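# Close look at the chain arrangement
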Amino acid sequence: QVQLVESGGGLVQPGGSLRLSCAASGFIFSSFLMRWYRQAPGKERELVATITSTVGTTVYSDSVKGRFTISRDNAKNTGYLQMSSLKPEDTAVYYCNAAQYIQQFGYWGRGTQVTVSS
């Protein structure tokens, strides 16, 4: 059974940090690229960061570049999103996604809530 399970969300003050994790099972995680998306209330889902399967090339949206870092540990079947210098506009549900190629819809987790507020 394919599963992606996000964890690590929560409430943090502006300027703070959080690390999200995405635990994968039921498929060969190391062969899949991984992406983090987010969706804020009333807004469309936004692609935040992507990391390729083996080389580990990363791509970020302009809104998080320089503040967020995506990484993966293929030995642990886990992906990460390190978020720093958080802003209230980063508040959203964050979703983990794994796909075999860019155009594929792929597998999705159920999301984890991140709230940035003082």
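Residues numbered from 1 in each chain as written. Predicted model: local features only at pLDDT ≥ 70, side-chain atom pairs only at ≥ 80, totals over all residues. Heavy atoms only, no water.

A word on the pattern of salt bridges. Enumeration according to the criterion identifies four salt bridges in this entry. For Asp62, the salt bridge goes to Lys65, with nearest N and O atoms at 3.2 Å. Looking at Asp62, the relative accessible area reads 68%, which means it is exposed. Overall, Lys65 belongs to the exposed group, its relative accessible area being 51%. Here Arg67 makes a salt bridge to Asp90, at a shortest N to O gap of 2.7 Å. Of the two residues, Arg67 sits in the loop between strand 6 (58-60) and strand 7 (68-73) while Asp90 sits in the loop between strand 8 (78-83) and strand 9 (92-99), which places them 23 residues apart along the sequence. Asp90 carries the same exposure label as Arg67, and that label is buried. What you see here is one network of salt bridges that share partners, running through Arg38, Glu46, Arg67 and Asp90. (Salt bridge = Lys/Arg side-chain N within 4 Å of Asp/Glu carboxyl O. Buried < 20%, exposed > 50% of the residue type's maximum accessible area, 1.4 Å probe, protein only. Helix = DSSP H or I, 4+ residues; strand = E, 2+ residues; numbered from the N terminus.)

Looking now at the environment of Ile70. Its place among the elements puts Ile70 in strand 7. The sequence separation of Ile70 and Ser21 amounts to 49 residues, and the corresponding C-alpha distance is 10.0 Å. Ignoring anything within four residues of it in the chain, the contact list for Ile70 reads Met34, Trp36, Ala49, Thr50, Ile51, Thr58, Tyr60, Tyr80 and Leu81. (Contact = heavy atoms within 4.5 Å.)

Using the criterion set out here, one finds one disulfide in the structure. Paired by a disulfide, Cys22 and Cys96 hold their sulfur atoms 2.0 Å apart. Every disulfide takes its handedness from the sign of the S-S torsion; for Cys22 and Cys96 that torsion is -75 degrees, giving left-handed. Here Cys96 lies in strand 9 and Cys22 lies in strand 3 (residues 18-25), a separation of 74 residues in the sequence. (Disulfide = S-S within 2.5 Å.)

Just geometry here; none of it tells us what the structure is for.
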